[in-house]
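These are the residues of each chain, in order.
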Amino acid sequence: MMTGETASNRMLYSITGADRIGFLQGLITNDISKAKDGLCYAAILTPQGKYLADFFLTERDDAVLLDVDASIGAMVAQRLTMYKLRADVTISESDLTVTLGLGDAPDGALADPRSPVLGWRMYGADGAAPSIDWNAIYVENVIPRTGVELNADTYILEADFERIDGVDFKKGCYVGQEIIARMKHKTELKKGLVQVQISGSAPVGTAITADGKPAGTLFSQSGRLALAHVRFDRATGTMNAGDATLTRV
């Protein structure tokens, strides 16, 4: 059975020009070759290795489609334009719609590369009105979201980008790559995104404490589960976020 819905919170850009592939390859955290026959999930970072934006890319005819959360779409287009300099690249907004779905994928749909549980994405066909509880799916499967778990303070390895196929360590240089490579090969992560059981509720962004000491930040919540960015050494017992109590799953 197929369930598909129009994603009104997404927008598409079309990236054209003879230099489009090399241009993107030098900026994104993943290997653009994955976009040739499917979807490439990637991010762009600051020179200091912090998150700026995440998106999906796929090749279509003589263009690369960029599928991004509408809240950061204009910023992403501006950032790409800033980097293109004299490259033969044109970035324009596309009027195609984005449809998300679960179950059997229709012809032309592409599997979400982050996890099989996230179904498929399709460009150009309208779906039904939104009805899927994506928040519950993201929390249950520890999938970070734009503007929530993924924000200006995020290092992508602490947001589990390696597990969700958002970074490639063999593709070569990109903006912020040196910091990410050092985190991967020369250090042990001391913080990261985890799933917690929660009793009570607290707003996204609530500070987490353990034995009165700062232990992290609470993010998305669904029922008795939530996502949190924590210090691993302090997330070993009961924690507090506002009036809520948390334990790591």
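Everything numeric in this text was worked out from a predicted model, so none of it was measured.

1. Looking at the overall build of the protein chain
No. 1: Looking only at helices and strands, the protein chain has four helices and 15 strands in total.
No. 2: For 249 residues, the compact-globule estimate of 2.2 N^0.38 gives 18 Å, and the protein chain sits close to it at 19 Å.
No. 3: Each of the three principal axes of the protein chain carries a C-alpha extent, and together these read 55 × 45 × 25 Å.
No. 4: Counting all 249 residues of the protein chain, 49% fall into the buried class.
No. 5: Within the protein chain, contacts between residues at least 6 apart in sequence are counted, and of these 65% link residues at least 24 apart.
No. 6: Taken together, the 25 basic and 31 acidic charged side chains of the protein chain have centroids lying 9 Å from each other.

2. Here we look at the nonpolar core
No. 1: Ile28, Phe55, Leu57, Leu66 and Phe161 are the most contacted members of the largest nonpolar core, which totals 55 residues.
No. 2: Ignoring anything within four residues of it in the chain, the contact list for Ile28 reads Cys40, Ala42, Ala43, Ile44, Phe55, Leu57, Lys171 and Tyr174.
No. 3: Among the nonpolar cores identified, the runner-up in size contains 16 residues, and Ala215, Leu218, Met239 and Leu246 belong to it.

3. Focus on the packing of aromatic side chains
To describe a pair of aromatic rings, you give the distance between the ring centres and the angle between the ring planes.
No. 1: A complete count under the given rule lists three aromatic pairs for this structure.
No. 2: For the pair Tyr41 and Phe161, a centre-to-centre distance of 5.2 Å together with 35° between the ring planes defines the contact as tilted. Placement of the pair is Tyr41 in strand E3 (residues 40–45) and Phe161 in the loop between helix H3 (134–141) and helix H4 (177–185), with a sequence separation of 120 residues.
No. 3: Residue class for Tyr41 comes out buried when judged on its relative accessible area of 1%.

4. Focus on the environment of Ser33
No. 1: Considering the arrangement of structural elements, one finds Ser33 in the loop between helix H1 (20–25) and E3.
No. 2: The spacing of Ser33 and Tyr13 is 20 residues in sequence and 18 Å in space, taken between C-alpha atoms.

5. Some thoughts on the sheet that holds strand E10 (residues 191–199)
No. 1: With antiparallel pairing, six strands are arranged side by side around a closed barrel as E10-E13-E12-E11-E14-E15. When strand polarity is set aside, the average angle formed by the axes of neighbouring strands in this sheet is 40°.
No. 2: Of the strand pairs in this sheet, strand E14 (residues 239–241) and strand E15 (residues 244–248) are connected by three bridges, and their pairing is antiparallel. Paired with Met239 across the strands is Leu246, a residue of E15.
No. 3: Each of E10, strand E12 (213–222) and strand E13 (225–231) is contacted by H3, which is oriented at about 140° to E12, the strand it contacts most.

6. A short note on the sheet that holds strand E5 (residues 63–69)
No. 1: The antiparallel open sheet is built from five strands, whose spatial order is E3-E4-E5-E2-E6. Each edge of the open sheet is held by one strand with a lone partner, namely E3 and strand E6 (90–94). Within the sheet, the average angular offset between the axes of one strand and its neighbour, ignoring direction, is 35°.
No. 2: Across five bridges, strand E2 (residues 10–16) lies against E6 in antiparallel orientation. Its bridge partner being in E6, Thr16 is matched across the sheet by Thr90.
No. 3: Helix-sheet contacts for helix H2 (residues 73–84) involve E2, E3, strand E4 (51–60), E5 and E6, and the interaxial angle to E2 is about 20°.

The rules we used
- Residues numbered from 1 in each chain as written.
- Predicted model: local features only at pLDDT ≥ 70, side-chain atom pairs only at ≥ 80, totals over all residues.
- Heavy atoms only, no water.
- Helix = DSSP H or I, 4+ residues; strand = E, 2+ residues; numbered from the N terminus.
- Rg over C-alpha atoms; globule rule 2.2 N^0.38 Å.
- Buried < 20%, exposed > 50% of the residue type's maximum accessible area, 1.4 Å probe, protein only.
- Contact = heavy atoms within 4.5 Å.
- Lys, Arg positive; Asp, Glu negative; His and termini not counted.
- Charge placed at Lys NZ, Arg CZ, Asp CG, Glu CD.
- Core = buried A, V, L, I, M, F, W, Y, C linked by side-chain atoms within 4.5 Å.
- Phe/Tyr/Trp six-rings, centres within 6.5 Å; stacked < 30°, edge-to-face > 60°.
- Pairing = 2+ DSSP bridges.
- Axes fitted to C-alpha atoms, helices over the stretch in contact; angles between N-to-C directions.

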